[in-house]
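Okay, here's what each chain looks like letter by letter:
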Amino acid sequence: MSKRSFADYHVSEEIKRALALLKYEFPTEVQREVIPLAMENQDLVVKAQTGSGKTASFGIPVSDMIEWEEKKPQALILTPTRELAVQVREDITNIGRFKRIKAVAVYGKEPFSKQKDELKQKTHVVVGTPGRVMDHIERETLVLDQIKYLIIDEADEMLNKGFIDEVEAIIKELPSNRVTMVFSATLPKDVENLCHKYMKDPIQIEIESTRVTADTIEHSLIEVSEEEKITLLKDVTVVENPDSCLIFCRTKEHVDTVYSELDKAGYPCERLHGGLEQEDRFSVMEGFKLGNFRYLVATDVAARGIDIDNVTLVINFDVPMEKESYVHRTGRTGRAGKKGKAITFSTPFERKFIKAIERYIGFELPAIEAPSHLEVAGRKAAFEEKLSSRRIVRNNKTARINQDIMKLHFNGGKKKKIRAVDFVGTIAKIPEVTAEDIGIITIHDQMSYVDILNGKGSLVLQALENATIKGKKLKVSKAIK
C-alpha cells in the first residue's frame, strides 16, 4: 500500500499538475493510508491529528473522482468552524485548480443571499458549518441529490461545539448510496456511534498521533508566575527570534492584553479571537499567511484554521484547559516535514492541566529555565534587526498555484443570456489559446468571472478588448480579486 510519491497515484494529469505546483511530493502517513481506499469508494473512519495532511488525503481522491460536467454538488464537507471551512475550500480549489473544480464555502455571519447566488452556479464541492448547511438545505438552496461523498472533518470538535444533532439531521437528508469519511483527532463514543449508525462497514485507520507530536516539534515548559508572564514572553521571543510565531491565550481578554503589550513594544503583530467580526478574522488570517506580520496572538479559535507551513514557534501563554487543545495548538508548527518549537508557560495553579496533557500525549514536557538577562542582552540586536524586516513567506501554496492565473471580469452575465460555453467558444478561438487555458467560470446576473490559466491572461485580455461574446460587446478587465 505504501507509495513512493504522489506521481505513483492513478489520478488525472490535471490533479498531478496541481500537486507538483503545490510541492506535494511524498504522501504523509495519513495520505498513504487514506488515498488508495478513498479511490475505491470505501467508507472510512480516520483518527489523525491536525497537521497530519488529512485535508489532502480526502481532497485529492474527491477532486479526482468528481465529474466536471455535473452542475449539482457532488461532495459535502462539514467542518466545525468557519475558518476551517474557508481553509478546506481553498485547499480543494488548489488541488482541483486545473480540473476547474468549483468549491463553495457556506457558514454563518456571511450574507445568506451571497451564498445562495454562488450555489446557483455549477458547484462541485460544498464546504460548510452544520448550522448554515442545514439552513441551505431547509431553504432548498443546496441540492443534495447528486452528493456522492460526505466528509465530516474534525468530528470530535463538532461534538464539543454541540453540532452532532445538526450533523445527524444533515446525514438523514443525503442520498444513501454515498461514500462517507469521518476524520477526527480523537474518537469519543458519540462519534463512534454516529459512524456505526450511518456508515457501511467503515474501515478504521489510526495514525499514531504522539509520534508526530514528538518527532517534528521540540516541546518545553517554563514555570512562571502570572505577573511575570509578559516579561517572560518578551525575553523568550528575543532569544528564540522566530520567523513567525503564534501565541495562544485562554481568553479574549488575555489576547487583548498580550497584543497591546507587544504592539506597544513595537512587535509586528495582530490578534485573533471570537469577539472580532468575521471579516476581520479572515483578513488577519490572510495577513499572517502573506507575511504582513510575524506575531499572531490568538485564542483556540485560530488553532483549527491556520494552515501555514512555516510557523516556527508556538507559545502557550496560558496552558490550554483541554488536553486535546494542546495537540491542536502545537500542531501549528513542525508541519510539512519541518522542525518547530512549542514552549508552554505554566503557573503553579496549572500543574494539574500539564499532568493531564502529558498523560494524553504520552511523554513529559521537559522543563527549561527562563532565559537569563545575559542571553537576552546577547540576542537583542539580532532580534531588533529581524523585527524591522518583512517576513518572507516562501510557501504560500495558493500564491504558487495562482501565479500563472489571471481572473477576468466581464460586465455581463445571465441577464444577457450568456452561458459558460459562450466564453469558452470565444476564448478558445484566440490564437495560442485552447480550452485547456480556461479555468473556473462564474456567471452572475450582471457580471461574470473567468480564470485564465497558464500565464495566458494578458494575451486573452488584449484579444477580448474588441471581441464580442455571443454577439454582445462586453467590457473586460482584470478582476480586482
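Refer to the structure above for everything that follows.
An account of the accompanying structure is given in this report. Source: prediction; values computed, not measured.

### What to know about helix H6 (residues 130-138)
Part 1: Inspection of H6 places Pro-130, Arg-132, Val-133, Met-134, His-136 and Ile-137 among the buried residues, and these make up the whole buried set.
Part 2: Of the residues trailing H6, Glu-140 is marked for its positive phi of about 60 degrees.

### Some remarks on the pattern of salt bridges
Part 1: Counted according to the given criterion, the structure contains 25 salt bridges.
Part 2: Between Glu-358 and Lys-355 there is a salt bridge, with its nearest N and O atoms 3.7 Å apart. On the criterion of helical spacing, the pair formed by Glu-358 and Lys-355 is a turn pair, its members being 3 residues apart in helix H15 (residues 351-361).
Part 3: Taking relative accessible area as the criterion, Glu-358 reaches 9% and is therefore assigned buried.
Part 4: Overall, the relative accessible area of 39% leaves Lys-355 in the partly exposed class.
Part 5: Salt bridges here are not isolated pairs; linked through shared partners, they connect Lys-54, Asp-153 and Glu-154.

### What about the environment of Ala-103?
Part 1: Looking at where Ala-103 falls in the secondary structure, it is placed in strand S3 (residues 103-106).
Part 2: With 21 residues separating them along the chain, Ala-103 and His-124 place their C-alpha atoms 5.9 Å apart.
Part 3: With near-sequence residues (within four places) excluded, Ala-103 lies in contact with Arg-89, Ile-92, Thr-93 and Val-125.

### Side note on the nonpolar core
Part 1: Core analysis: the largest hydrophobic core is formed by 31 residues, its most contacted members being Val-125 and Met-181.
Part 2: Top contributing element to this core by residue count: helix H4 (residues 82-95), with 5 residues.
Part 3: Met-181 has contacts with Ala-38, Gln-42, Leu-44, Phe-58, Val-62, Leu-150, Ile-151, Ile-152 and Met-199, leaving out every residue within four places of it along the chain.
Part 4: Counting 30 residues, the second-largest nonpolar core is a separate cluster that includes Val-133, Leu-150, Leu-187 and Leu-194.

### Brief notes about the sheet that holds strand S14 (residues 406-410)
Part 1: Spatially, S15-S16-S14-S17 is the arrangement adopted by the 4 strands of the open sheet, whose pairing is antiparallel. Of all strands in the sheet, those bounded by a partner on one side alone are strand S15 (438-443) and strand S17 (476-478). The sheet shows a mean angle of 20 degrees between the axes of neighbouring strands, direction not considered.
Part 2: Of the strands in this sheet, S14, strand S16 (448-452) and S17 are in contact with helix H19 (residues 457-464), which crosses S14 at around 20 degrees.

### Things to note about empty space enclosed by the protein
Part 1: A complete count under the given rule lists 2 cavities of 30 Å³ or more for this structure.
Part 2: Taken as a whole, the second largest cavity holds about 40 Å³ of empty space.
Part 3: As for the second largest cavity, its lining consists of Ile-152, Ile-171, Thr-180, Val-182, Leu-194, Cys-195, Tyr-198 and Met-199.
Part 4: For the lining of the second largest cavity, the secondary-structure elements that each account for two or more residues are strand S6 (179-184) and helix H9 (189-198).
Part 5: Among the elements that line the lining of the second largest cavity, the one with the most residues is H9, at 3 residues.
Part 6: Considering only residue class, the lining of the second largest cavity consists of 7 nonpolar, 1 polar and no charged.

### Section: the state of the cysteines
Part 1: Summed over the entire model, instances satisfying the criterion amount to 0 disulfides.
Part 2: Unpaired in this structure, Cys-245 has its nearest cysteine sulfur neighbour in Cys-269, at a distance of 10 Å.

### Considering the side chain of Asp-64
Part 1: Along the chain, the position of Asp-64 falls in helix H3 (residues 54-65).
Part 2: No salt bridge is formed by the buried Asp-64; its nearest oppositely charged neighbour, Lys-99, is found at 5.1 Å.
Part 3: Excluding its chain neighbours within four sequence positions, the residues that come into contact with Asp-64 are His-10, Val-11, Ser-12, Ile-15, Met-39 and Lys-99.

### Considerations on unusual backbone geometry
A negative phi angle characterises most non-glycine residues, just as the trans form characterises most peptide bonds.
Part 1: Here the phi dihedral of Asn-241 falls at roughly 45 degrees; this positive angle occurs in a residue that is not glycine.
Part 2: Relative to the helices and strands, Asn-241 is located in the loop between helix H11 (229-240) and strand S9 (245-248).
Part 3: Given a relative accessible area of 15%, Asn-241 falls into the buried group.
Part 4: With a phi angle near 60 degrees, Lys-417 is a residue other than glycine that sits in the positive phi range.

### Structural notes on the packing of aromatic side chains
Part 1: Scanning the entire structure with this criterion turns up 10 aromatic pairs.
Part 2: Geometrically, the ring pair formed by Tyr-107 and Phe-282 is edge-to-face, given 5.6 Å between the ring centres and 70 degrees between the ring planes. With Tyr-107 in the loop between S3 and helix H5 (112-120) and Phe-282 in helix H13 (residues 278-290), the pair connects residues that are 175 residues apart, well separated along the chain.
Part 3: Exposure remark for Tyr-107: the relative accessible area of 6% places this residue in the buried category.
Part 4: Where Tyr-267 meets Tyr-295, the ring centres are 5.0 Å apart and the plane angle is 70 degrees; that geometry is what we call edge-to-face. Taken together, the residues span a long stretch of sequence, with Tyr-267 in the loop between helix H12 (252-264) and strand S10 (269-272) and Tyr-295 in strand S11 (residues 295-298) at a distance of 28 residues.
Part 5: Tyr-267 gets classed as buried once you look at its relative accessible area, which sits at 5%.

Rules used throughout
Residues numbered from 1 in each chain as written. Predicted model: local features only at pLDDT ≥ 70, side-chain atom pairs only at ≥ 80, totals over all residues. Heavy atoms only, no water. Buried < 20%, exposed > 50% of the residue type's maximum accessible area, 1.4 Å probe, protein only. Helix = DSSP H or I, 4+ residues; strand = E, 2+ residues; numbered from the N terminus. Salt bridge = Lys/Arg side-chain N within 4 Å of Asp/Glu carboxyl O. Contact = heavy atoms within 4.5 Å. Core = buried A, V, L, I, M, F, W, Y, C linked by side-chain atoms within 4.5 Å. Pairing = 2+ DSSP bridges. Axes fitted to C-alpha atoms, helices over the stretch in contact; angles between N-to-C directions. 1 Å grid on protein atoms, 1.4 Å probe; cavity = no way out; pocket = protein on both sides within 12 Å on 5 of 7 lines; lining within 4 Å. Points joined across faces, edges and corners; volume = space filled by probe spheres on them. Nonpolar A, V, L, I, M, F, W, Y, C, P; charged D, E, K, R; others polar. Disulfide = S-S within 2.5 Å. Lys, Arg positive; Asp, Glu negative; His and termini not counted. Phe/Tyr/Trp six-rings, centres within 6.5 Å; stacked < 30°, edge-to-face > 60°.

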